[in-house]
Amino acid sequence: MPQLSQSIRHLPGIALSLLVTLAAVMLEKLEFSVFGRSWLESLVLAIVVGTLVRSTFSLHRRFDPGIDFSARILLECAVVLLGASISLEALGRAGAWLVAGIALTVVVSILLSYWVSRAVGLPPKLATLIACGNSICGNSAIAATAPVIDAKPDDVAASIAFTAVLGVAVVLGMPVLNTVAGLSDIQYGTFAGLTVYAVPQVLAATAPIGIASIQTGTLVKLIRVLMLGPVIFALGLIHGGRHQRPSLRHMVPWFIVGFALLMAMRSLDLIPPMALAPLAEASGMLTIVAMAALGLSVDIRHTARAGGRVMLAAVISLLVLGGLSLILIAVLGIP
């Protein structure tokens with residue numbers, strides 16, 4: 001009975017996320033019928049519609065459990081299923097230099113983002129949250145870092161607010177950047193994987209470009225996410241004895257393990273070929289629903305309360321990460 005009650009609590013938010021998803025899909029079809037092509041994919045439209053709904057209307061708190069479930073659990077399930085579309089051969093093609101380059105980019109980005117945040121006058125713990133969120137995986141990194149450094153709730157809320165809004169802005173602006181920069185599909189996927197905050201946001205940013213960008217961006221992003229474990233562990237050692245120790249769940253998220261297992265199964269030909277397309281479609285649909293929920297979690301009105309210094313630090317940190325990513329692409333000679 002408790003599980004049934006918990007499931008019922010999720011229904012309003014899940015239903016609203018599905019409605020936003022339906023609206024996004026219909027808007028994409030409308031785009032195609034009017035313009036002959038879809039300028040904005042349903043993934044991106046789901047974020048926009050969801051954000052508009054949250055920022056325009058005062059949603060009742062009963063929607064929150066289902067929205068949170070859709071934004072977290074469903075997107076994690078989508079990432080797991082996405083593992084079936086990538087083989088270990090792809091990771092081998094990435095090469096040790098790319099993996100090392102991603103790790104180095106994350107470390108340098110954390111250090112520079114922390115320095116920028118302190119330079120604009122932010123306290124150490126808030127600076128650490130922004131640095132980790134910007135450099136690794138946005139809200140997930142902030143949530144994992146907060147208990148380790150004993151961050152204040154206000155600091156967590158401020159850093160998450162701007163990370164969420166910047167994440168949406170980056171997804172919407174990435175295709176425009178690609179037009180200006182003239183990156184190849186592989187270069188664009190690498191850049192998206194290195195700069196966009198969340199895995200589903202990488203999917204949204206790379207979907208308009210093509211399958212090569214999607215696969216490259218996802219692979220690079222997941223390597224970047226794996227840096228969360230070492231970073232959280234290091235912070236735990238730095239703050240050891242005074243704060244909560246990092247848990248295995250934070251260092252190795254379950255969906256990364258699931259993704260790796262399906263990727264291994266694909267590499268060993270343990271997944272029937274006829275199941276690959278349905279798995280990819282299911283992953284895509286779950287991602288759209290998750291993006292709708294992500295939009296429903298962002299209230300633009302709240303960002304004004306977080307303060308100009310937080311926004312300045314977050315924006316500069318993001319620009320620094322973008323610059324480091326372009327340098328890595330050039331140094332490695334990614335085609």
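What this report covers is the structure whose coordinates are included nearby. (Residues numbered from 1 in each chain as written. Predicted model: local features only at pLDDT ≥ 70, side-chain atom pairs only at ≥ 80, totals over all residues. Heavy atoms only, no water.)

The next point concerns unusual backbone geometry. Although it is not a glycine, D269 adopts a positive phi angle of roughly 60°. The topology assignment puts D269 in the loop between α13 (254-267) and α14 (273-296). Taking relative accessible area as the criterion, D269 reaches 68% and is therefore assigned exposed. (Helix = DSSP H or I, 4+ residues; strand = E, 2+ residues; numbered from the N terminus. Buried < 20%, exposed > 50% of the residue type's maximum accessible area, 1.4 Å probe, protein only.)

On to the nonpolar core, then. Among the nonpolar cores identified, the biggest contains 86 residues, and L129, I136, M174, V196, L228, L235 and M291 are the most heavily contacted of them. Looking at which element gives the most residues to this core, the answer is helix α7 (residues 153-181), with eight residues. Sequence-distant contacts of V196, that is, excluding residues within four places in its chain, are made with V170, V171, M174, Q201, V202, A205, K221 and R224. (Core = buried A, V, L, I, M, F, W, Y, C linked by side-chain atoms within 4.5 Å. Contact = heavy atoms within 4.5 Å.)

Attention shifts here to the pattern of salt bridges. Within the structure shown, the criterion is met by one salt bridge. For R54, the salt bridge goes to D64, with nearest N and O atoms at 3.2 Å. Here R54 is found in helix α2 (residues 42-56), whereas its partner D64 is found in helix α3 (residues 64-82), with 10 residues between them in sequence. Given a relative accessible area of 14%, R54 falls into the buried group. On the basis of relative accessibility, which here comes to 31%, the residue D64 falls in the partly exposed class. (Salt bridge = Lys/Arg side-chain N within 4 Å of Asp/Glu carboxyl O.)

Moving on: the side chain of T216. Structurally, the position occupied by T216 is in helix α10 (residues 211-225). A relative accessible area of 16% means that T216 is categorised as buried. Here T216 is in contact with I186, G189 and T190, once residues within four sequence places are set aside.

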